[in-house]
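Remarks on the overall topology
Each chain is listed here by its residues.
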Amino acid sequence: MSNTARANILARLREPQSPECGFSERDYLSRYDWDTAERVKRFTERMVAVRAEVHHATPDTWLAVVSQVCAAKGLSNLLVSPETVLGKQLHAQAARFPTLKTYDQPIESWKQELFYGVDAAFTGTYGGIAETGTLIVIPSADEPRLMSLVPPVHIAVLEVDKLYTTFAEAVQAQGWVQMGMPTNALLISGPSKSADIEQTLAYGVHGPKELVVILI
């Protein structure tokens, strides 16, 4: 390589150029023109495409839908927080569901049971993204991260009025820029999956094998 060529390469590395991005491409990331029906349609299509389940319900029927899902999957127990708004409603009608378990002790005290004795977990969500078929979950003291990570089945409720067209819209609508980006936000697009070197797809390798979304 000549000294001139080397000098040119080093000069480009020292002064990196921003990639070209036309206005239309940048604008697309913040375009919020899908109505509710379109958001629901696209979210459902994308979730189903990656082997997640989506069940549609109303504020009056979602408990019945959760009960039906539990029965169809033959669940013997369900991990549910008794402190959240939705969790309180489930616990108030506990007879309709499998045995309800609570995450009410340090993980060291019941790690064995959580990893080997819990069939499914139920959580709420902070929103969804229609463009990619994604749930926004922010773990808390009431619903720790392991609830959506360890049990083989994750049942999550998403309210349609929190279903956004794009991630950019979700960030803006939920005030993440003004209040600061959450440090523990999870973006979940389907059940856990991975492929080996031969591209054989396996589910449940790094998290729940099944994801069930109750869309209210």
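What this report covers is the structure whose coordinates are included nearby. Values in this document were obtained by computation on a predicted structure and should not be read as measured data. (Residues numbered from 1 in each chain as written. Predicted model: local features only at pLDDT ≥ 70, side-chain atom pairs only at ≥ 80, totals over all residues. Heavy atoms only, no water.)

Now for the overall build of the chain. A count of helical and extended segments in the chain gives eight helices and twelve strands. When burial is assessed residue by residue, the chain has 41% of its 216 residues classed as buried. For the chain, the proportion of contacts with a sequence separation of at least 24, taken over those separated by at least 6, is 70%. Only carbon and sulfur atoms are counted for the fraction: they give 53% of the accessible area of the chain, which is about 12300 Å². (Helix = DSSP H or I, 4+ residues; strand = E, 2+ residues; numbered from the N terminus. Buried < 20%, exposed > 50% of the residue type's maximum accessible area, 1.4 Å probe, protein only. Contact = heavy atoms within 4.5 Å. Areas by Shrake-Rupley, 256 points an atom, 1.4 Å probe, with all protein chains shown as cover.)

Attention now goes to the packing of aromatic side chains. Throughout the structure, instances matching the rule amount to three aromatic pairs. Pairing F167 with W176 gives two aromatic rings, centres 6.0 Å apart and planes at 75 degrees, and the pair type is edge-to-face. Given the relative accessible area of 34%, F167 is considered partly exposed. Owing to a relative accessible area of 6%, W176 belongs among the buried residues under this scheme. (Phe/Tyr/Trp six-rings, centres within 6.5 Å; stacked < 30°, edge-to-face > 60°.)

Moving on, we come to the pattern of salt bridges. Between side chains of opposite charge, pairing is possible as soon as their charged atoms come close. Going through the model one piece at a time under the given rule, you end up with seven salt bridges. Across the pair K41 and E45 runs a salt bridge, and its minimum N-O distance is 3.0 Å. In this pair, K41 and E45 are both assigned in helix α3 (residues 36-49), four residues apart and thus about one turn of the helix distant. Take K41: its relative accessible area is 43%, and that puts it in the partly exposed class. Across the salt bridge formed by E113 and K101, the nearest N and O atoms sit 2.6 Å from each other. Taken together, the residues span a long stretch of sequence, with E113 in helix α6 (residues 107-117) and K101 in strand β3 (residues 99-101) at a distance of twelve residues. For E113, a relative accessible area of 33% translates into the label partly exposed. (Salt bridge = Lys/Arg side-chain N within 4 Å of Asp/Glu carboxyl O.)

The next thing to look at is the packing of helix α4 (residues 62-73) against helix α5 (residues 85-92). Two elements in contact, α4 and α5, have axes whose closest approach is 11 Å; the angle formed by their N-to-C orientations is 70 degrees. With respect to α5, the axis of α4 lies roughly perpendicular. Of the two possible hands of crossing, α4 and α5 adopt the one that is right-handed. The residues of α5 that touch α4, namely those facing W62, L63 and V66, are L86, Q89 and L90. (Axes fitted to C-alpha atoms, helices over the stretch in contact; angles between N-to-C directions. Parallel < 35°, antiparallel > 145°, perpendicular 65-115°, else oblique. Left-handed = near helix turned anticlockwise from the far one by under 90°.)

A few words now on the environment of D161. Relative to the assigned elements, D161 resides in the loop between β7 (153-158) and β8 (163-164). Given the relative accessible area of 60%, D161 is considered exposed. Residues D161 and G128, 33 residues apart in the sequence, show an inter-C-alpha distance of 9.4 Å.

Such coordinate-based values are descriptive only and should not be taken to indicate function.
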